[in-house]
Amino acid sequence: MKRQLVRGIGLLDATTLVVGSMIGSGIFIVSAKSARVLGSGGWVLAAWAIAGVLTMIAALCCSELAAMMPKAGGQYVFFREAYGPLYGFLFGWTMFLVIQTGTIAAVAVAFAKFLGVLWPAISGTNLLIRVGDFSVSTVQAVGLVVIVLLTASNATGLKTGTRTQNVFTFAKFAALLGLTLAGLLLGGSPGVALRAPDFFRAVAPAGEPLVGLALLVAFGTAMVGPLFSQSAWNNVTFTGGEVRAPGRNLPRSLFIGCRLVTTIYVLANVAYLNVLSFPEIQHAAEDRVATAAATALFGP
């Protein structure tokens, strides 16, 4: 009897996988860097909005491929079928050695940095081990523990993995939605970035206005963070062999998930601009714009 993967992931599970993969550290921190590069709240919002449009276009294209080839491996399968085994092989190993591992490490470290808000002992300057040039901080240690625990959760089986994913996705989406609504409804005091008269006047870090090619280059640079924050939606295609009715559920989950996240991301940035002044966004401590907004609304 031929053994195969269990198709136990439904539309809700697949959608939470898309949303959970997309909502990471980016929305809470990268707006600070984009603000420093562009010097304008209006252009920061434009960067997030255009990144969202590009994400939706890419997701719709990928959903067609996922529906055509609903197999475990996702993009590895797409590359293999389109360009041959060599390209699938190279992409698969690149994902394993660089892309996915780097992303997982970045998100784990960001989690540890935010945990440091509640537990100050978790800090990049608090070293646990130091041997010559090699050192391990409490931030790195927490990141390692998180990776091990979540890997173990996924390794125990499909039900455990999907339940863990669903719980964390609902929790962080609810938290982001709550912060966004609070910023939209309770902000708006004089001096906030959203009310600035030069809302659409882009300014370089040195102080000169950004126009023409300089504005285009700065805008592209500022979009790196938003694009990173809205990436990883394609992770659902890796589970193509475990999704029920993949021809229907994979495209739907990608469309619903990406639309939810891009919408909440743009609204979250409107909320930041409605609560903080532009310099407060640009120079938020350790780029934690969301923390600065929450502190301005509710106190430390």
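Higher on the page you've got the structure.
Residues numbered from 1 in each chain as written. Predicted model: local features only at pLDDT ≥ 70, side-chain atom pairs only at ≥ 80, totals over all residues. Heavy atoms only, no water.

## A look at the state of the cysteines
So, step 1. On inspection of all chains with the given rule, the structure shows zero disulfides.
So, step 2. Not engaged in a disulfide, the cysteine Cys62 finds its nearest cysteine sulfur in Cys61; these two sulfurs lie 8.5 Å apart.
So, step 3. Just so you know, Cys258 is unpaired, no disulfide at all, and the nearest cysteine sulfur is the one on Cys62, 9.1 Å from it.
So, step 4. For Cys258, a relative accessible area of 0% translates into the label buried. (Disulfide = S-S within 2.5 Å. Buried < 20%, exposed > 50% of the residue type's maximum accessible area, 1.4 Å probe, protein only.)

## Quick word on a nonpolar patch on the surface
So, step 1. A grouping of Tyr83, Leu86, Tyr87, Phe89, Leu90, Trp93, Phe96, Leu97, Val98 and Ile99 is seen on the molecular surface, where their side chains present a nonpolar patch of about 1,100 Å² in accessible area.
So, step 2. Here the nonpolar patch takes nine residues from helix H5 (residues 85–118), the largest share from any one element.
So, step 3. Checked against the element boundaries, Trp93 lands in helix H5.
So, step 4. Given a relative accessible area of 45%, Trp93 falls into the partly exposed group. (Patch = residues over 30% accessible without salt bridge, like charges linked within 9 Å, V, L, I, M, F, W, Y side chains within 5 Å. Areas by Shrake-Rupley, 256 points an atom, 1.4 Å probe, with all protein chains shown as cover. Salt bridge = Lys/Arg side-chain N within 4 Å of Asp/Glu carboxyl O. Helix = DSSP H or I, 4+ residues; strand = E, 2+ residues; numbered from the N terminus.)

## Overview of the pattern of salt bridges
So, step 1. Scanning all chains against the criterion turns up three salt bridges.
So, step 2. Between Glu81 and Arg80 there is a salt bridge, and its shortest N-O distance comes to 3.1 Å.
So, step 3. On the basis of relative accessibility, which here comes to 46%, the residue Glu81 falls in the partly exposed class.

## Regarding unusual backbone geometry
So, step 1. Located in the positive-phi region is Ala232, a residue other than glycine, with phi close to 75 degrees.
So, step 2. Following the sequence through the fold, Ala232 ends up in the loop between helix H9 (224–229) and helix H10 (246–275).
So, step 3. One non-glycine residue, Asp287, lies in the positive phi region at around 65 degrees.
So, step 4. With respect to the secondary-structure elements, Asp287 resides in the loop between helix H11 (278–282) and helix H12 (289–298).

## Focus: empty space enclosed by the protein
Remark: the empty space left among the atoms is shown by a probe the size of a water molecule rolled over them.
So, step 1. What the rule picks out here adds up to one cavity of 30 Å³ or more.
So, step 2. What lines the largest cavity is Ser31, Ala35, Val44, Asn269, Tyr272, Leu273, Phe278 and Ile281.
So, step 3. Elements with a contribution of two residues or more to the lining of the largest cavity: helix H2 (26–38), H10 and H11.
So, step 4. A total of three residues in the lining of the largest cavity trace back to one element, the largest contributor, which is H10.
So, step 5. Within the lining of the largest cavity, the residues separate by chemical class into six nonpolar, two polar and no charged. (1 Å grid on protein atoms, 1.4 Å probe; cavity = no way out; pocket = protein on both sides within 12 Å on 5 of 7 lines; lining within 4 Å. Points joined across faces, edges and corners; volume = space filled by probe spheres on them. Nonpolar A, V, L, I, M, F, W, Y, C, P; charged D, E, K, R; others polar.)

## A word on the nonpolar core
So, step 1. Of all hydrophobic cores here, the largest spans 59 residues; its most connected members are Ile27, Leu176, Trp233, Tyr265, Tyr272 and Ile281.
So, step 2. Top element by residues in this core is H10. It accounts for 11 residues.
So, step 3. If we ignore the near neighbours within four places in the chain, the residues touching Leu176 are Ile23, Ile27, Phe28, Ile264, Tyr265 and Ala268. (Core = buried A, V, L, I, M, F, W, Y, C linked by side-chain atoms within 4.5 Å. Contact = heavy atoms within 4.5 Å.)

## Quick word on the layout of surface pockets
So, step 1. Computed from the structure, the second largest pocket encloses a volume of approximately 440 Å³.
So, step 2. Taken together, 21 residues line the second largest pocket, and the ones lying closest to its centre are Ile29, Val30, Lys33, Phe228 and Asp287.
So, step 3. Breaking the lining of the second largest pocket down by element, the ones donating at least two residues are H2, H5, helix H8 (212–222) and H9.
So, step 4. Considering every element that reaches the lining of the second largest pocket, the biggest residue donor is H2, with seven residues.
So, step 5. When grouped by side-chain class, the residues that make up the lining of the second largest pocket number 10 nonpolar, five polar and six charged.

## What to know about helix H4 (residues 75–83)
So, step 1. Of the positions making up H4, those classed as buried are Gln75, Val77 and Phe78. For H4, the angular spread of buried residues about the axis comes to 155 degrees, placing them on one side.
So, step 2. Check the buried side of H4 and you find it contacts helix H3 (41–68) and H5.
So, step 3. The first or second residue beyond H4 is Gly84, which carries a positive phi of 110 degrees. (Arc of directions from axis to C-beta.)

## Topic: the side chain of Gln75
So, step 1. In this fold, Gln75 is placed in helix H4.
So, step 2. Overall, Gln75 belongs to the buried group, its relative accessible area being 17%.
So, step 3. Here Asn234 takes part through its side chain, which lies 3.5 Å from a polar atom of the side chain of Gln75.
So, step 4. Apart from residues no more than four positions distant in its own chain, Gln75 is found in contact with Phe91, Met95, Asn234, Thr237 and Phe238. (Polar contact = N/O pair within 3.5 Å; in protein donor to acceptor, adjacent residues only side chain to side chain.)

## Structural notes on the packing of aromatic side chains
So, step 1. Tallying each qualifying case throughout the model produces nine aromatic pairs.
So, step 2. Judged by centre distance (6.1 Å) and plane angle (65 degrees), the ring pair of Tyr83 and Tyr87 falls under edge-to-face.
So, step 3. On the basis of relative accessible area, Tyr87 is assigned to the partly exposed category, the value being 48%.
So, step 4. Summarising the aromatic geometry, the rings of Trp93 and Phe96 are spaced 5.6 Å apart at their centres and angled 90 degrees between planes, so their arrangement reads as edge-to-face. Remark: Phe96 and Trp93 occur in helix H5; sequence separation between them is three residues, near one turn of the helix.
So, step 5. Under the relative-accessibility criterion, Phe96 is labelled exposed at 53%.
So, step 6. In textbook terms, an aromatic cluster arises when at least three aromatic residues are bridged by ring pairs, as seen for Phe79, Tyr83, Tyr87 and Phe91. (Phe/Tyr/Trp six-rings, centres within 6.5 Å; stacked < 30°, edge-to-face > 60°.)

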